[in-house]
Amino acid sequence: MKTSQKITTVLAATALAVVFLFGQAASAQQAKAKPWPVPDKDKTMKAPTKPDLATGKELWAKHCKSCHGSKGLGDGPKNASLKTFSGDFSTAAFQSATDGELFYRTNKGRDEMPGYEKKIPDANDRWALVAYMRTMKK
Ligand code: HEC
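Note that the structure is a prediction, hence the values are computed from the model and not measured.

So, how was this worked out
- Residues numbered from 1 in each chain as written.
- Predicted model: local features only at pLDDT ≥ 70, side-chain atom pairs only at ≥ 80, totals over all residues.
- Helix = DSSP H or I, 4+ residues; strand = E, 2+ residues; numbered from the N terminus.
- Contact = placed C-beta atoms within 7 Å.
- Expected span 1.5 Å × (residues − 1).
- Bend = angle between axes of the 7 residues up to and from the residue.
- Buried ≥ 20, exposed ≤ 12 C-beta atoms within 10 Å, placed from the backbone.
- Near = placed C-beta within 6 Å.
- Nonpolar A, V, L, I, M, F, W, Y, C, P; charged D, E, K, R; others polar.
- Core = buried A, V, L, I, M, F, W, Y, C linked by C-beta atoms within 7 Å.

### Here's the deal with the overall build of the protein
Scanning the protein from terminus to terminus reveals 6 helices and 0 strands. Going residue by residue from the N terminus, the α and β elements of the protein occur as α-α-α-α-α-α. Contacts in the protein between residues far apart in sequence, at least 24 positions, make up 67% of those at least 6 positions apart.

### Looking at helix 3 (residues 53-68)
Counting along an α-helix, one turn takes 3.6 residues, and residues three or four places apart therefore face a common direction. Between its first and last C-alpha, helix 3 extends only 18 Å over 16 residues, short of the 22 Å set by a 1.5 Å rise per residue. Roughly 55° is the biggest bend found in helix 3, and it falls at A61. Considered for burial, the residues of helix 3 that qualify are G56, L59, W60, C64, C67 and H68. Next to the buried residues of helix 3 lie helix 6 (123-134). At the C-terminal side of helix 3, G69 shows a positive phi close to 85°.

### Brief notes about the site of the ligand
If you check the shell around the ligand, you find 24 residues, and the closest are A33, C64, C67, S86 and M113. Sort the elements by how many residues they give to the shell around the ligand and helix 3 lands first, with 5 residues. Considering only residue class, the shell around the ligand consists of 12 nonpolar, 7 polar and 5 charged.

### A word on the nonpolar core
Within the largest apolar cluster, 14 residues are counted, with the highest numbers of intra-cluster contacts made by W60, F103, A128, L129, V130, Y132 and M133. For A128, the contacting residues outside a window of four places in its chain are P51, D52, L53, T55, G56 and L59.

### Digging into the environment of K118
Inspection of the secondary structure assignment puts K118 in the loop between helix 5 (99-108) and helix 6. Considering only alpha carbons, one finds K118 and N107, 11 residues apart in sequence, at a separation of 8.3 Å.

Structure below.
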């Protein structure tokens, strides 16, 4: 190997190491989500008709999976760039929220979590997402 090639290789390896270490540090700094209060009248809301799970699954893949991951473990490809961890939806803590609470949070969003009232205009579709999030329970 020529000296110039060696230098290039060393530089490339150093750059990779820096990117890797920075990535580690960034994920170590990710904050845990703060409690997210929901108004009482919204907490008790329920789906008006039986939600369609297939629709929920399809919309999840399109709108939510990039951050939350396919199973809601918070491991989607965008996770590393989020300041706040999007949560582990398989846990009892997450699943203990009421349907109304999940619906409200999906609708309104907060900080890095987008609100979907306008992006997914049919409320039945957003209820389908709530039903789909229930299938993530472990
Ligand atoms: C850009 C990344 C991103 C996308 C896309 C995204 N979320 Fe989130 N989500 C987050 C983050 C970050 C949080 C934590 C926010 C907080 O607590 O401040 C969160 C929180 C939530 C919560 C509240 C969690 C809890 O503990 O109650 C629900 C419910 C939720 N998301 C549902 C969805 C649904 C449904 C979609 C798709 C329609 C979606 N999210 C798309 C990033 C995202």
